[in-house]
Amino acid sequence: MSASLPYILIIYFSRQGATRAMAEHFAAGIESRRGIEARLRTVPPVSATCEAVDPEIPDEGAVYASLDDLRHCAGLAIGSPTRFGNMAAPLKYFIDSTSELWMSGALIDKPASAFTSTASLHGGQEATLISMLLPLLHHGMVYAGIPYSETALMETSTGGTPYGASHLAGKRSDRPLDEHERQLAHAQGRRLAGLALALAPLVQEPRS
C-alpha cells in the first residue's frame with residue numbers, strides 16, 4: 001500500500017464470512033478509481049465473560065481497526081450482519097469508542113457508506129442500514145447510498161437497496177454473493193471513492 005495515497009477505511013464484522021466477502025467487493029470498487037486505496041479492517045467479538053481476551057491480531061482476515069485508521073481516512077464504509085434490524089454488537093462497540101473523534105470533528109464532511117448481510121430475504125436489511133448511518137450522521141459525515149442509475153437495483157431478487165449494498169446469505173449463511181449483489185457492492189465502493197476524492201478539499205483539520 002502506498003503511503004502517499006488517501007484511503008477509504010472499510011470496517012466490518014463477519015462471523016460466517018458473508019460480510020467479509022462483501023467488504024472485499026466493496027474494496028475492489030474503491031480501487032477501480034485511480035488515486036485512492038481501500039484499507040480493510042475488522043473488529044473483535046464482544047464477550048460476556050470479563051476475563052475473555054482476544055489476541056491483538058486475528059487468526060485470519062483483516063487486522064483490527066484502530067482510532068488512527070479512522071482519524072486519517074478519506075472516507076468510511078462499515079459492514080455488519082443484521083442483529084434484529086441493527087448492526088452487530090462488536091461493530092457498535094467500536095463505533096461507541098469514537099467519542100474523541102466526534103469531539104475533534106475528525107470525520108466531518110468525509111463520505112460514508114454501509115453494507116449488510118441477512119439470513120432471510122426480509123431479515124432487516126434496510127432497517128440495519130438505516131440504523132448504521134445514524135452514528136455516521138452524528139459524526140458529520142456525508143452518507144452515500146446507491147442511486148437507481150445502478151440498474152441492478154431494479155433487477156435484484158436477493159440483496160441490494162438504495163440505502164446500501166446487501167446480501168442474502170441464506171439460513172445456513174453459506175449462499176455466495178450473486179452477480180447483482182457483487183455489482184452493487186462494487187458500485188457503492190466506486191461511488192464512495194469518487195466522493196472522497198471530490199470532498200477532500202472541504203475537509204478541515206480536526207479541532208485540537
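The structure under discussion appears in the preceding block.
Keep in mind it's a predicted model, so treat the numbers as computed, not measured.

**Q** For this particular structure, what's the right way to read the pattern of salt bridges?
**A** Any two side chains of opposite charge can pair, given that their charged atoms come close. The full count for this structure, using the stated rule, is nine salt bridges. Between Arg-39 and Asp-69 there is a salt bridge; the shortest N-O distance is 3.2 Å. On the criterion of sequence distance, the pair formed by Arg-39 in strand β2 (residues 37–42) and Asp-69 in helix α2 (residues 67–71) is long-range, its members being 30 residues apart. Per residue, the accessibility class of Arg-39 equals that of Asp-69, and both read buried. Where Arg-182 meets Glu-179, a salt bridge forms, and the shortest distance between an N and an O atom there is 2.6 Å. Of this pair, Arg-182 and Glu-179 both sit in helix α7 (residues 179–199), three residues apart, which is roughly one turn of that helix. Among the residues examined, Glu-179 registers a relative accessible area of 42% and is labelled partly exposed. Look at the salt bridges and you will find they share partners, linking Arg-39, Arg-41 and Asp-69 into a network.

**Q** I tried to follow the nonpolar core on my own but got confused; where do I start?
**A** One finds Ile-10, Phe-26, Ile-30, Ile-36 and Phe-115 to be the most contacted residues of the largest nonpolar core, which totals 25 residues. Where this core is concerned, the elements lending two or more residues are β1 (7–12), α1 (18–30), α6 (152–155) and α7. The next biggest cluster of nonpolar side chains, apart from the first, holds 24 residues, and it includes Leu-76, Leu-101, Leu-129 and Leu-136.

**Q** Teacher, can you tell me more about α1 here?
**A** Here α1 contains 13 residues, and its C-alpha end-to-end distance of 19 Å stays within 8% of the 18 Å for a straight helix at 1.5 Å per residue. Those residues of α1 that fall on the buried side of the exposure criterion are Ala-18, Thr-19, Met-22, Ala-23, Phe-26, Ala-27, Gly-29 and Ile-30.

**Q** What's the story with the packing of aromatic side chains in this structure? I'm lost.
**A** To describe a pair of aromatic rings, one takes the distance between the centres and the angle between the planes. Inspection of every chain in the model, using the stated rule, returns one aromatic pair. For the cation-ring pair, Arg-39 lies above Tyr-7, with the distance from its terminal atom to the ring centre recorded as 3.7 Å.

**Q** What should I look at first to understand the pairing of strand β6 (residues 165–168) in this one?
**A** Where a strand is regular, its side chains alternate between the two sheet faces. Burial along β6 is two-sided: the face carrying Ala-165 and His-167 and the face carrying Ser-166 and Leu-168 are both buried. Pairing of strand β4 (residues 111–118) with β6, which is carried by four bridges, proceeds in the parallel orientation. Across the sheet, Thr-116 pairs through a bridge with Ser-166, a residue of β6.

**Q** Honestly, the packing of α1 against α7 in this entry has me stumped. Any pointers?
**A** Between two packed helices, both the angle of their axes relative to each other and the distance between the axes serve to describe the pair. The contact between α1 and α7 brings their axes to 6 Å, and the two run at 45°. Overall, the two elements α1 and α7 adopt an arrangement that is oblique. With respect to the hand of their crossing, α1 and α7 are arranged in right-handed fashion. Residues Met-22, His-25, Phe-26, Ala-28, Gly-29 and Ile-30 of α1 lie in contact with α7, whose contacting residues are Arg-182, Ala-185, His-186, Gln-188, Gly-189, Arg-190, Leu-192 and Ala-193.

**Q** Would you take a moment to explain unusual backbone geometry for this structure?
**A** Leaving glycine out, the prevailing phi sign among residues is negative, and the prevailing peptide bond configuration is trans. Look at Phe-84: it is not a glycine, yet its phi comes out positive at around 55°. Tracing the backbone through its elements, the reader meets Phe-84 in the loop between β3 (75–81) and α3 (89–95). Residue Ser-173 is not a glycine yet carries a positive backbone phi of 55°. Its place among the elements puts Ser-173 in the loop between β6 and α7.

Conventions and cut-offs
Here the residue numbering is sequential within each chain, running from 1 through the sequence in written order. Per-residue local features are limited, in this predicted model, to residues with pLDDT of at least 70; the limit for side-chain atom pairs, both in listing and counting, is 80 or more; totals at the level of whole chains, interfaces and linings are taken over all residues. For the side-chain quantities, the full set of heavy atoms in the structure was used; hydrogens and water were omitted. When a carboxyl oxygen of Asp or Glu is within 4 Å of a side-chain nitrogen of Lys or Arg, the pair counts as a salt bridge. Helix numbering and strand numbering both begin at the N terminus, where a helix is a DSSP run of H or I of at least 4 residues and a strand a DSSP run of E of at least 2. Each residue's exposure class comes from its accessible area (1.4 Å probe, protein chains only) as a fraction of the maximum for that residue type: buried when under 20%, exposed when over 50%, partly exposed otherwise. In plain words, nonpolar cores are sets of buried Ala, Val, Leu, Ile, Met, Phe, Trp, Tyr and Cys residues tied together by side-chain atoms within 4.5 Å. To estimate how far a helix should extend, the number of its residues minus one is multiplied by 1.5 Å. Stacked, tilted and edge-to-face are the three classes applied to pairs of Phe, Tyr and Trp rings, where Trp contributes its six-membered ring and a pair requires centres within 6.5 Å; stacked means planes under 30 degrees apart, edge-to-face means over 60, and tilted covers the rest. Geometrically, a charge over a ring is one whose NZ (Lys) or CZ (Arg) sits within 6 Å of the ring centre while staying within 35 degrees of the ring normal. Strand pairing requires that DSSP identify at least two bridges connecting the strands. In this analysis an axis means a line fitted to C-alpha atoms, helices contributing only their contacting stretch, and an angle means the value between N-to-C directions, from 0 to 180 degrees. Roughly parallel covers angles under 35 degrees, roughly antiparallel covers those over 145, roughly perpendicular covers 65 to 115, and oblique covers all other angles. Rotating anticlockwise by less than a right angle from the far helix to the near helix defines a left-handed crossing, while the corresponding clockwise rotation defines a right-handed one. Residue contacts follow a heavy-atom distance rule, with two residues in contact if any of their heavy atoms lie within 4.5 Å.

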